[in-house]
Amino acid sequence: MNGPAPAFSLNHADLLQRRLRVTGIVQGVGFRPHVWHLARELNLAGWVRNDSAGVEVLVEGGAERIEAFTLRLRQEIPPLALVRDLSWTDAPATGDLSDFSIGESAAGQAATMIGHDTAVCPDCLAEMFDPADRRWRHAFVNCTHCGPRYTLTRSLPYDRAQTSMAAFPLCPDCEREYRDPADRRFHAEPTACPACGPKLTLVTPDGQAIACDDVVADTLRRLRSGQIIAIKGLGGFHLACDAHHPEAVRRLRERKQREEKPFAVMAANRASIADWVELDEGEAELLQSPERPICLLRKKPSADDVFPDIAPGLAWLGVMLPYTPVHWLLFHEAAGQRSRCASALTNPASSSRGQPAGTAWIEQPQDLVLVMTSANPNGEPLAIDNGEAVARLAGIADALLLHERDIVVRCDDSVVRQVGDPGLASIQFIRRARGYTPRAIRLPRSGPSVLALGGYLKNTICVTRGDEAFVSQHIGGLDNPAAYGMLTEVTQHLLDILQLTPTAVAHDLHPDFFSSGHAMALAERWGVPAVAVQHHHAHIAAVAAEHEVSGPILGLALDGVGLGSDGTAWGGELLRVDGPRFSRLGHLAPLPLAGGDKAAKEPWRMAAAALHRLGRGEEIARRFPAQPAAKQLHHLLQRSLNCPSSSSLGRWFDAAAGLLGVREVMAYEGQAAMLLEGLAEQAGAIAALDKGYILHDNGRLDLLPLLARLADETDPIHGAGVFHATLVQALADWTERAARQHGVHTVAMGGGCLLNAILSHGLRQRLSALGLTVLEARQVPPNDGGLSLGQAWVAMQQSRYA
């Protein structure tokens, strides 16, 4: 599209030509119109176009104006854009250009990336709730500043034909906006309106359309009555119910077979959650950010009174705000119902539907709170296809709210928490997915392309390109064929988008994981090396990679389990990591896993193991009378039958929880440790136990004296507080001693145990006070969701040294 020709006042000899290359997230975010506006403002001629490398710009004009253009090109970018690199070359002007135009996209091997999905922007909300606007209550409103990107794109360049919106031809009005550089929907690839876009449909569990005057109003009515509704979103379906309806929450737990695992809730705004969670300005900003993650917020005492079965026993509640137009329509309808009720009290003759006009209602408190949980029955991947959702969710949902826009790739909600001291706060990922994937992570150096396939639990994959790492959305546990399928699907999608064939494939050291087997099969198919990376080495390497650290560091790796290089189960490790190499400096004293793998799910078994080590094995049967195997376990421990040892910190948490009577058998992974943390939050500040641990000269840290104290503790809250305080002190002293001995003063902390807020905060403060530089996972989760990044970085460095 050409604009009016600039009126040049300089002679041809005074003009300069500059060709600029812009890389980063610069496609599908309004970057070309931004360039067009800037060039027109500065009276420059030339053109701008997308290509596989990013955005290419050519301008001609006066040297001062071109310098101003170049400076502002980086500084004044659209809201969703991210300029990574800006380079240019200069040449004499040709004088052949008389205007500034936006050119068609050029093909080629990809060196750019698709943007992430984002929440509806304020401008689109204003249109959506303006009765005079043609997009009034339009369920698919978006523009270049908001909406889906990653989950509807099949390949680059990012054009409508490469997305699932290719099936919806634009109407004349939308076509005009799409072609107008002055319009914020210029080349907004997902754009549409009620005349030409997808439609909402409410269907029964067997897929039959439900006749109703207003799909949104009927959906809300059903939610209010206690029904469970499957709602199609950006990266998959949610299962939703009214959080204020205890019977609906109970049925959802029962039907989804999710007995006690916490649910997340969605509320209209921060005012609606003020009574039941603590929320500072940093958390409010994170909650309201365009990425719209689920934020873990500290509960107020009233939270469990209002929502007793949402996150039972935990100190944190997962909360998110609306991010799709459909979400906003549900809350808009609820605001209308509230308005109608108020109107009926003052004017009984009123019969208007009362849907509020404008956006003032968005900031007003609402009583509607929805449980929004992933529609992934039996722990399988999210449902994304309409037919698939009907088939898989029929036994769970009472109705399904569908639409016709295909979801190209599954992408669950991200889960985050604010960490750090006030003024220095940052975010910690529990799960990295929608809103952040596929944002690139810059590596310390460039290297060959590597594919890393992660571990067994909380799986992600990672693909590197040059000095960038692209970590996939959360895939989850690889314990079922559907999850295997998602891993292969996500791998192919990411490789297709990046247009890469890896030169190596990295995987976990454990050979029996599906990800390891698949990695070796791909490596054989492509004729490239398969690189096995030890689990805890990968945890620390992930932190080093995102902090762009290449030199020697100490690694404090604290998690549930990972196969060690000696063939035993590790999980409480002090490592020295230097690029692709590591050495084990120390580890937690091992505890026997009484009953093998069962011990990871039944904390009473770890408590029994602790009692055995304390010489108090005869107490096992008396302490755990509800466990049929308790009598037999004492004898198994005495004879070391089916009791392999593990240095896992996660199992020490389980032992503490079992001894304190917090939990004997877990309903979900990590429950005992999470409940223990919740009790410690109640305890407040407690001093560490004197002589609560032993530091051995061989680098072993033994916490048995601490467990001896807990075995006689009668107050679980106090015991949980003592456990956390002593553990922090023990780990900090252990690490500081190693730092002095080995002359390394930078410590990277990784592993799932670092999701414990008390532990991570305490270690951060204590190690920093001891003069050590502390590095933590900030761009990926510290748990196994970050393993693929670490594996990829190790494999890249091995290739460099090969």
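Quick caveat: nothing in here was measured; it's all calculated off a predicted structure.

### As for empty space enclosed by the protein
Here comes step 1: Going through the model one piece at a time under the given rule, you end up with 7 cavities of 30 Å³ or more.
Here comes step 2: Estimates place the volume of the largest cavity at around 140 Å³.
Here comes step 3: Forming the boundary of the largest cavity are 18 residues, of which Ala 139, Leu 234, Thr 324, Pro 325 and Arg 405 lie nearest the centre.
Here comes step 4: Tallied by class, the residues present in the lining of the largest cavity amount to 10 nonpolar, 6 polar and 2 charged.

### A closer look at the packing of helix α17 (residues 649-659) against helix α20 (residues 716-742)
Here comes step 1: Packing of α17 against α20 brings their axes to within 12 Å, and their N-to-C directions diverge by 155 degrees. As judged from the angle between their axes, α17 and α20 are roughly antiparallel. The element α17 and its partner α20 pack so that their crossing is right-handed. Residue-level contacts link Leu 649, Trp 652, Phe 653 and Ala 656 of α17 to Phe 723, His 724, Leu 727 and Leu 731 of α20.
Here comes step 2: Taken together, the residues that form the contact of α17 with α20 break down as 7 nonpolar, 1 polar and no charged.

### Considering the confidence of the model for the protein chain
For any part of a model where pLDDT is low, the fine detail of the predicted coordinates should not be relied upon.
Here comes step 1: Per-residue confidence for the protein chain averages 93 on the pLDDT scale, and 95% of its residues sit at or above 70.
Here comes step 2: Contacts for the low-pLDDT stretch residues 1-11, under 50 throughout, to residues beyond four places or in other chains number 32 contacts.
Here comes step 3: Contacts from residues 344-352, a stretch scored under 50 in pLDDT, to residues over four places away or in other chains number 3 contacts.

### As for the nonpolar core
Nonpolar side chains in soluble globular proteins generally cluster together in the buried interior.
Here comes step 1: Grouped together as the largest cluster of nonpolar side chains are 112 residues, with contacts concentrated most on Trp 276, Leu 649, Leu 731, Leu 759 and Leu 763.
Here comes step 2: It is α20 that contributes the most residues to this core, 11 residues altogether.

### A closer look at the sheet that holds strand β16 (residues 440-447)
Here comes step 1: Ordered in space as β16-β18-β17-β19-β20, the 5 strands form an open sheet in which the pairing is mixed. Each edge of the open sheet carries a strand with a single partner, namely β16 and β20 (530-533). Strand-to-strand twist of the sheet, defined as the mean angle between neighbouring strand axes without regard to direction, takes the value 30 degrees.
Here comes step 2: Taken strand by strand, helix α11 (residues 481-498) contacts β17 (450-452) and β18 (462-471), and its axis lies near 155 degrees from that of β18.
Here comes step 3: Strand contacts of helix α12 (residues 514-526): β17, β19 (504-508) and β20, with the helix running at about 165 degrees to β19, the strand carrying the most contacts.

### Let's talk about the layout of surface pockets
Here comes step 1: Roughly 750 Å³ of volume is contained in the second largest pocket.
Here comes step 2: Lining the second largest pocket are 32 residues, and of these Arg 298, Glu 681, Ala 757, Ile 758 and His 761 lie nearest its centre.
Here comes step 3: Listing elements by their share of the lining of the second largest pocket, those giving two or more residues are α7 (281-287), β14 (415-419), α18 (671-683), α20 and α21 (757-769).
Here comes step 4: Counting residues per element, the lining of the second largest pocket draws most heavily on α21, which supplies 7 residues.

### Regarding the environment of Gly 527
Here comes step 1: In this structure, Gly 527 sits in the loop between α12 and β20.
Here comes step 2: Taking the relative accessible area as the measure of exposure, Gly 527 reaches 67% and is therefore exposed.
Here comes step 3: Separated by 23 residues in sequence, Gly 527 and Ala 504 have C-alpha atoms that sit 8.9 Å apart.

### Description of the packing of aromatic side chains
Here comes step 1: Within the structure shown, the criterion is met by 9 aromatic pairs.
Here comes step 2: For the ring pair Phe 129 and Trp 361, a centre distance of 5.1 Å and an interplane angle of 85 degrees mean the geometry is edge-to-face. Note that Phe 129 is positioned in the loop between α3 (122-128) and α4 (172-179) and Trp 361 in the loop between α9 (325-346) and β12 (369-374), a separation of 232 residues in sequence. Both residues of the pair, Phe 129 and Trp 361, count as buried.
Here comes step 3: Arranged with centres 4.8 Å apart and planes meeting at 80 degrees, the rings of Trp 276 and Phe 307 form a pair that is edge-to-face. Here Trp 276, found in the loop between β9 (264-267) and α7, pairs with Phe 307, found in the loop between α8 (303-306) and β11 (316-320); they are 31 residues apart in sequence, far enough to count as distant. The same class applies to Trp 276 and to Phe 307, which are both buried.
Here comes step 4: Members of the aromatic cluster, joined through ring pairs, are Phe 129, Trp 328 and Trp 361.
Here comes step 5: Note that Arg 253 overlies the ring of Phe 263, its terminal NZ or CZ placed 4.3 Å from the centroid.
Here comes step 6: Of note, Arg 584 hangs over the ring of Trp 570, and the distance from its end group to the ring centre comes to 3.9 Å.

### Observations regarding the packing of helix α1 (residues 31-41) against helix α2 (residues 63-75)
Here comes step 1: Packing of α1 against α2 leaves a shortest axis separation of 10 Å and a crossing angle of 150 degrees. Here α2 runs roughly antiparallel to α1, going by the angle between their axes. Viewed along their axes, α1 and α2 form a crossing whose handedness is right-handed. For the pair formed by α1 and α2, the contact residues are Phe 31, His 34, Val 35, Leu 38, Ala 39 and Glu 41 on the first element and Phe 69, Arg 72 and Leu 73 on the second.

### With respect to unusual backbone geometry
Here comes step 1: Residue Pro 438 is reached from Thr 437 by a cis peptide bond, and omega for that bond is 10 degrees.
Here comes step 2: As for its placement among the helices and strands, Pro 438 is situated in the loop between β15 (426-431) and β16.
Here comes step 3: Non-glycine residue Lys 458 carries a positive phi angle of around 50 degrees.
Here comes step 4: For Lys 458, a relative accessible area of 25% puts it in the partly exposed group.

### With respect to the pattern of salt bridges
Here comes step 1: In this structure the tally under the stated criterion is 54 salt bridges.
Here comes step 2: Arg 392 is paired through a salt bridge with Glu 380; the nearest N and O atoms lie 3.6 Å apart. A residue pair is termed long-range when its members are at least 10 positions apart, and Arg 392 in helix α10 (residues 386-393) and Glu 380 in the loop between β12 and α10 qualify at 12 residues.
Here comes step 3: Exposure remark for Glu 380: the relative accessible area of 26% places this residue in the partly exposed category.
Here comes step 4: Between Arg 410 and Glu 489 there is a salt bridge, with its nearest N and O atoms 3.3 Å apart. Here Arg 410 is found in the loop between β13 (399-403) and β14, whereas its partner Glu 489 is found in helix α11, with 79 residues between them in sequence.
Here comes step 5: A cluster of three or more residues bridged by salt bridges with shared partners is formed by Arg 84, Asp 85, Arg 442, Arg 465, Asp 467 and Glu 468.

### Quick look at the side chain of Arg 432
Here comes step 1: Structurally, the position occupied by Arg 432 is in the loop between β15 and β16.
Here comes step 2: Here Arg 432 is buried and forms no salt bridge, its nearest opposite-charge partner Glu 546 lying at an N-O distance of 8.3 Å.
Here comes step 3: There is a polar contact of 3.3 Å between the side chain of Arg 432 and the backbone oxygen of Val 471.
Here comes step 4: In terms of polar contacts, Arg 432 uses its side chain to reach the backbone carbonyl oxygen of Gln 779, at 2.9 Å.
Here comes step 5: Ignoring sequence-local partners within four residues, the contact set of Arg 432 consists of Ser 414, Thr 437, Arg 439, Ile 441, Val 471, Ser 472, Gln 473, His 474, Gln 779, Val 780 and Pro 781.

### Focus: α10
In an α-helix there are 3.6 residues to a turn, and that puts residues three or four apart on one side.
Here comes step 1: Within the sequence span of α10, burial applies to Glu 388, Ala 389, Val 390 and Leu 393.
Here comes step 2: Those residues of α10 hidden inside the fold are in contact with β7 (229-232), β8 (237-242) and β13.
Here comes step 3: The backbone nitrogen of Gly 387 has a side-chain oxygen 3.0 Å away, supplied by the residue at the start of α10, namely Asp 385.

Thresholds applied
Residues numbered from 1 in each chain as written. Predicted model: local features only at pLDDT ≥ 70, side-chain atom pairs only at ≥ 80, totals over all residues. Heavy atoms only, no water. 1 Å grid on protein atoms, 1.4 Å probe; cavity = no way out; pocket = protein on both sides within 12 Å on 5 of 7 lines; lining within 4 Å. Points joined across faces, edges and corners; volume = space filled by probe spheres on them. Nonpolar A, V, L, I, M, F, W, Y, C, P; charged D, E, K, R; others polar. Axes fitted to C-alpha atoms, helices over the stretch in contact; angles between N-to-C directions. Helix = DSSP H or I, 4+ residues; strand = E, 2+ residues; numbered from the N terminus. Parallel < 35°, antiparallel > 145°, perpendicular 65-115°, else oblique. Left-handed = near helix turned anticlockwise from the far one by under 90°. Contact = heavy atoms within 4.5 Å. pLDDT = per-residue confidence, 0-100. Core = buried A, V, L, I, M, F, W, Y, C linked by side-chain atoms within 4.5 Å. Buried < 20%, exposed > 50% of the residue type's maximum accessible area, 1.4 Å probe, protein only. Pairing = 2+ DSSP bridges. Phe/Tyr/Trp six-rings, centres within 6.5 Å; stacked < 30°, edge-to-face > 60°. Lys NZ or Arg CZ within 6 Å of the ring centre and 35° of its normal. Salt bridge = Lys/Arg side-chain N within 4 Å of Asp/Glu carboxyl O. Lys, Arg positive; Asp, Glu negative; His and termini not counted. Polar contact = N/O pair within 3.5 Å; in protein donor to acceptor, adjacent residues only side chain to side chain.

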